[in-house]
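Residues per chain are reported as follows:
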Amino acid sequence: MKKKSIAIFAAALAIGLVLLWLLQMLLVPKYMTDVREGALIAEYYEEEPNHDVVFIGDCEVYENFSPITLWEEYGITSYIRGSAQQLIWQSYYLMEETFKYETPDVIVFNVLSMKYDTPKSTGSSSQREAYNRMTLDGMRWSDSKVNSILASMTQEEREKEAMWMYLFPLLRYHDRWSELTAEDFRYWLKRDTVSHNGYLMQVGVKPLEDEHVERPLVDYEFAPSCYEYLDRMVELCKAHGTQLVLIKAPSLSPVWWDEWDQQMVAYAEENDLLYINFLNHQEEIGIDWNTDTYDTGLHLNVYGAEKLSSYFGRILSEECGVADRRSDAGLSALWAEKTAAYDAQKAELEAAYAAQK
Amino acid sequence: MQFTSFSFLLFAAVLLTVYYIIPGKWQWPLLLIASCFFYISAGTEYLVFIALTTLSTYATTILMDNRLKQRDVYMAAHKAEMSREEKKAYKAKIKSGNKVWMVACLVLNFGILALCKACLIDPVRTAVSGGTLSFLTVGLPLGISFYMFQSMGYVVDVYRETAKTERNPFKLALFVSFFPQLIQGPISKFNQLTPTLYAPHKFDGKAVSFGLQRMLWGYFKKLVVADRIAVAIGSLKGEEYTGIAFLVLTVFYAIQIYGDFTGGIDVTIGLAEAMGIKLPENFIRPYFSKNIAEYWRRWHISLGVWMKDCIFYPISVSEPMRKLSKASRAKFPNFGKRVPVYVASVATWFCTGIWHGFSANFIVWGMLNCFVIVVSEELMPVYAKFHDRFHLKEKKWYGGFEILRMFMLMNLIRACDLFPNVGDYFRRLGSIVTTFNFHILWDGTLMNIGLTALDYAIIFGGCLTWFVMDLLQEKGPIRERLYAKPAALRYSLIFILLVVVLLMGSYGIGYDASNFIYNQF
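About the criteria used
Residues numbered from 1 in each chain as written. Chains lettered and ligands numbered in written order. Predicted model: local features only at pLDDT ≥ 70, side-chain atom pairs only at ≥ 80, totals over all residues. Heavy atoms only, no water. Helix = DSSP H or I, 4+ residues; strand = E, 2+ residues; numbered from the N terminus. Rg over C-alpha atoms; globule rule 2.2 N^0.38 Å. Contact = heavy atoms within 4.5 Å. Areas by Shrake-Rupley, 256 points an atom, 1.4 Å probe, with all protein chains shown as cover. Lys, Arg positive; Asp, Glu negative; His and termini not counted. Charge placed at Lys NZ, Arg CZ, Asp CG, Glu CD. pLDDT = per-residue confidence, 0-100. Patch = residues over 30% accessible without salt bridge, like charges linked within 9 Å, V, L, I, M, F, W, Y side chains within 5 Å. Salt bridge = Lys/Arg side-chain N within 4 Å of Asp/Glu carboxyl O. Buried < 20%, exposed > 50% of the residue type's maximum accessible area, 1.4 Å probe, protein only. Pairing = 2+ DSSP bridges. Axes fitted to C-alpha atoms, helices over the stretch in contact; angles between N-to-C directions. Parallel < 35°, antiparallel > 145°, perpendicular 65-115°, else oblique. Nonpolar A, V, L, I, M, F, W, Y, C, P; charged D, E, K, R; others polar. Disulfide = S-S within 2.5 Å. Buried area = accessible area lost by both parts, 1.4 Å probe. Core = buried A, V, L, I, M, F, W, Y, C linked by side-chain atoms within 4.5 Å. Expected span 1.5 Å × (residues − 1).

Draft legend 1. Molecular detail of the overall build of chain A. Across its full length, chain A carries 16 helices and five strands. For 357 residues, the compact-globule estimate of 2.2 N^0.38 gives 21 Å, and the C-alpha radius of gyration of chain A, at 22 Å, lies within 12% of that figure. Its C-alpha atoms put chain A at 80 × 45 × 45 Å along the principal axes. Here the contacts in chain A between residues at least 6 apart in sequence split such that 83% fall between residues at least 24 apart. Carbon and sulfur atoms make up 54% of the accessible area of chain A, which totals about 16,100 Å². Here chain A contributes 32 positive and 58 negative side-chain charges, whose respective centroids are spaced 11 Å apart.

Structure, rendered in structure tokens:
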């Protein structure tokens, strides 16, 4: 009798846990048709971890660089580990995690996040729980993820012991049951791939109309904590024999102040790093702000991204010495598939955009 | 550590596991360690208060017990040579000495409690601390009103020789600080709690399961209903909400406080039950009461019992009361004999009000309760005549009417909690008969107080479920009946309740963390 009761209890527990897991899978945001950038981080694990170049950073990497162009024109295999409003401590832990999977020749880090201080002191717009989730939920569990969560939690998340909500996302998204859409059921247990090696394609065009103007700052000095994470990135790359390249993507907003640029130039010199501010190379890249942006200069569209990648690819191969791997038959076949998917989506989005106009 | 925090659930889970792994004789020391950990997690600055209460309780009860033992030894030795009067005088002498110790202990502890509560009032806070923040002015030490009353109840019981004296200081420390009831009671009697608190317990699947079920039910009331409706109460306290809106507020508050308080008590009793420890019930479906006396026998029972034992009875049987009774009976033969009871009632309700807080609204709340109790008592013969004349007691609908009447009356009195300024409360109360704004029920006003249609649906569904469960519970213990059902049905119902709490509970990011209301007392 006792044995039977234990068996029934165990069975009920197992069934209950499975049902709760299914419920959790249903309730978590899918990021498949809306806010697609939320799906980017998780897609990395579906890849064969064998890239020459890995980009790390915020929307200025996943919207502005096309790995397909880098492959097509220079035979460089690359992946973008980008996410919306990715903060520098998150970038550091993503970099740390990347080294657990692969050791690329070059890691490219977009320095815009140097402007954001620690979670405690950042303004409301820079540190939001929703952005944290987009970067952190997609990561696989490891010490890097735990540390990234600990470094990233907002005040409210700390007060509400959000680590449990990262561990069991059902606790975070428990009230989404009233907002479920067909997308949630369609992607309940499977996901589509939304990016092309981390690149999120946009084909729309919304020209730059007026110059982006921002109020001058009182203090342009980057926070010590940001430098600390940058130092840790430098150390990490050195330890793995990977070249760290600092870039500032040519996005026009948020404004990248000269004072910030000077600090990065000085830091790169001091640490013997390559730093490229693409805002200074717009003409050479050939960016036309009438046709190459989909949101008035904040991000490039696919046409701008291809131009920028073409320009950067030359630097990666000539200055950083990244090899051309197009002679590798296996890789060529793999990237041919990726290119076909990229071209197909581009054509599809262009057709949809034209119809929309 | 809030009962609704994830860390508490982890703490409880780890404790339960260790509790049943270790030998039974180590269970109560483990509970003491867990209670200390629980208390310290709320802040070390208040440790001194509970330590002082424990020490003074221990010292006083041991002192009194030693004297009682000496008395027994002396009397046994001199049994033959002492006359009856001498024995009586000797006993009275010991009792009187013990009384001094008891009163000293009560004064010390209630003095601390009064000081702590008074320090919540701004002018006193400033006077005590000179305007600077000190450990006395940060807030009320966790659970002080509860552990203090429990300890002092024990001191009184030892004085009365109705409780055995605990000579192990660590066991006594556990009695004072047992963590599940630290937050909001119940205020247990020593004789009630300690037999199961100190006893070793073997793992009992049924007891653990029943305890966890009760905890889950408590979370349902707290997170799904009480915390969801809390936002509307904050809005409805606004000046613009008068008349019918005030009535709506009183009903919403009735739902919130009942869900909040009984939810917390369910978590407390459930957790203790899972460890084999029996705590007294604190509520017996009070909203089904037909009169105020019955209501107070069903609501916050442990506080009522304490007040009755330690304030009401001692006053009503005291020498001055006997004299008053004699004098008043001579003047008003009918009413006079009840005067001492009414005087004791006033004192009891005054203390009950003060227990909730050193502010005018709580005293008014206590006095309003007392007023209704006294008036009801006086009008009892009139009611009885009225009921007999129309045979009302035989009619079912009249029972329902009495319940509804009592519910609304208690709601109106209870709303006093919400307005520290008593004038505000009476203005709102008066507006019920001056402002007939029934339109707020359908003109969209109630959709602008922080609740969406979905919130209303969840609250309504939650209350309905709760009401049905209370009705079923009136007929007998639900969990026992559920236990007799097939396992599939039993587990399915528990799982559904768990899912409802998980999905519809007001917790996590975007929700205001709502503390248990009785934490503040």
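Resuming the write-up.
Draft legend 2. Fine view of the confidence of the model for chain A. Residues and elements named next belong to chain A. The share of residues in chain A with pLDDT of 70 or more is 97%, and the mean pLDDT across the chain is 92. No element of chain A has a lower mean pLDDT than helix α8 (residues 155–159), which averages 89, and none a higher one than strand β3 (residues 106–110), which averages 97. Across residues 119–125 the pLDDT falls below 50, and counting only partners more than four positions away or on other chains, this stretch makes ten contacts in the model.

Draft legend 3. View of a negative patch on the surface. Residue and element names in this part refer to chain A. Residues Glu228, Asp231, Glu235 and Glu270 make up a contiguous surface patch of negative charge. The dominant element in the negative patch, judged by the number of residues it contributes, is helix α12 (residues 224–240), at three residues. Structurally, Glu228 is set in helix α12.

Draft legend 4. Geometry of the pairing of β3 of chain A. Residue and element names in this part refer to chain A. Burial analysis of β3 places five of its five residues in the buried class, the great majority of the element. Of the two faces of β3, the one lined by Val106, Val108 and Asn110 and the one lined by Ile107 and Phe109 are each fully buried. Looking at chain direction, β3 and strand β4 (residues 243–248) are connected through five bridges and run parallel. In the strand pairing of β4, Asn110 is matched with Ile247.

Draft legend 5. Spotlight on the packing of helix α13 (residues 319–331) of chain B against helix α15 (residues 339–356) of chain B. Residue and element names in this part refer to chain B. Relative to each other, α13 and α15 sit at 135°, their axes nearing to 8 Å. By the angle class used here, α13 and α15 are oblique. Two secondary-structure elements touch here, α13 through Met321, Leu324, Ser325 and Ser328 and α15 through Val339, Pro340 and Val343. Split by residue class, the contact of α13 with α15 holds five nonpolar, two polar and no charged.

Draft legend 6. Quick peek at the sheet that holds strand β5 (residues 274–277) of chain A. Residues and elements named next belong to chain A. Sheet architecture is open: five strands sit in the order β2-β1-β3-β4-β5, paired in parallel fashion. Looking at strand neighbours, the two that pair on one side only are β2 (78–82) and β5, the edges of this open sheet. On average, each strand axis in the sheet is inclined to that of its neighbour by 20°, with strand direction left out of account. Contacts between helix α5 (residues 88–101) and the sheet are confined to β1 (53–57), β2, β3 and β4, with β1 contributing the most and set at about 155° to the helix. The strands that α12 touches are β3 and β4; relative to β4, the one it contacts most, it runs at about 145°.

Draft legend 7. Up close: the state of the cysteines. Residue and element names in this part refer to chain B. The tally for this structure, following the rule as stated, stands at zero disulfides over all chains. Take Cys351: it sits in no disulfide, and the sulfur closest to it among the cysteines is that of Cys310, at 11 Å. Given the relative accessible area of 28%, Cys351 is considered partly exposed.

Draft legend 8. Structural view of the interface of chain B and chain A. Each partner contributes to the interface: chain B provides 22 residues, whereas chain A provides 22 residues. Buried area between chain B and chain A, both sides added, is near 2,000 Å², and the carbon and sulfur share of it is 75%. Together, Phe6, Leu503 and Ile509 of chain B form the three largest contributors to the area buried by chain B at its contact with chain A, with a combined 39%. Connecting chain B to chain A are zero salt bridges. Taken together, the elements giving at least two residues each to the side of chain B that touches chain A come down to α1 (6–21), α19 (453–475) and α21 (487–504) of chain B. For the side of chain B that touches chain A, the leading source of residues is α21 of chain B, giving eight residues. The residue inventory of the side of chain B that touches chain A, partitioned by class, reads 16 nonpolar, five polar and one charged.

Draft legend 9. Representation of the nonpolar core. Counting 240 residues, the largest nonpolar core has Leu244, Leu246, Met264 and Phe312 of chain A together with Phe8 and Phe38 of chain B as the members making the most contacts within it. The greatest single-element share of this core, amounting to 18 residues, is contributed by helix α10 (residues 244–274) of chain B. Non-local contacts of Met264 of chain A, meaning those with residues more than four positions away in its chain, are made with Val111, Met114, Phe222, Tyr227, Leu230, Leu246, Trp256 and Tyr275 of chain A. Within the second largest apolar cluster, five residues are counted, among which are Leu68, Met75, Met82 and Ile94 of chain B.

Draft legend 10. Expanded view of a nonpolar patch on the surface. Where nonpolar side chains cluster on the molecular surface, the patch consists of Phe371, Val375, Leu379, Met380, Val382 and Tyr383 of chain B and spans about 530 Å² of accessible area. Structurally, Tyr383 of chain B is set in helix α16 (residues 360–390).

Draft legend 11. Expanded view of α10 of chain B. The terminal C-alpha atoms of α10 of chain B lie 44 Å apart, and with 31 residues this matches the ideal 45 Å at 1.5 Å per residue to within 8%. Trailing α10 of chain B by a residue or two, Gly276 of chain B shows a phi angle of about 80°, which is positive.

Draft legend 12. Geometry of the environment of Tyr44 of chain A. All names here are of chain A. By the element assignment, Tyr44 lies in the loop between α2 (40–43) and β1. Given the relative accessible area of 3%, Tyr44 is considered buried. Dropping the residues within four chain positions of it, Tyr44 is found in contact with Pro49, His51, Tyr79, Arg81, Thr98, Tyr101 and Glu102.

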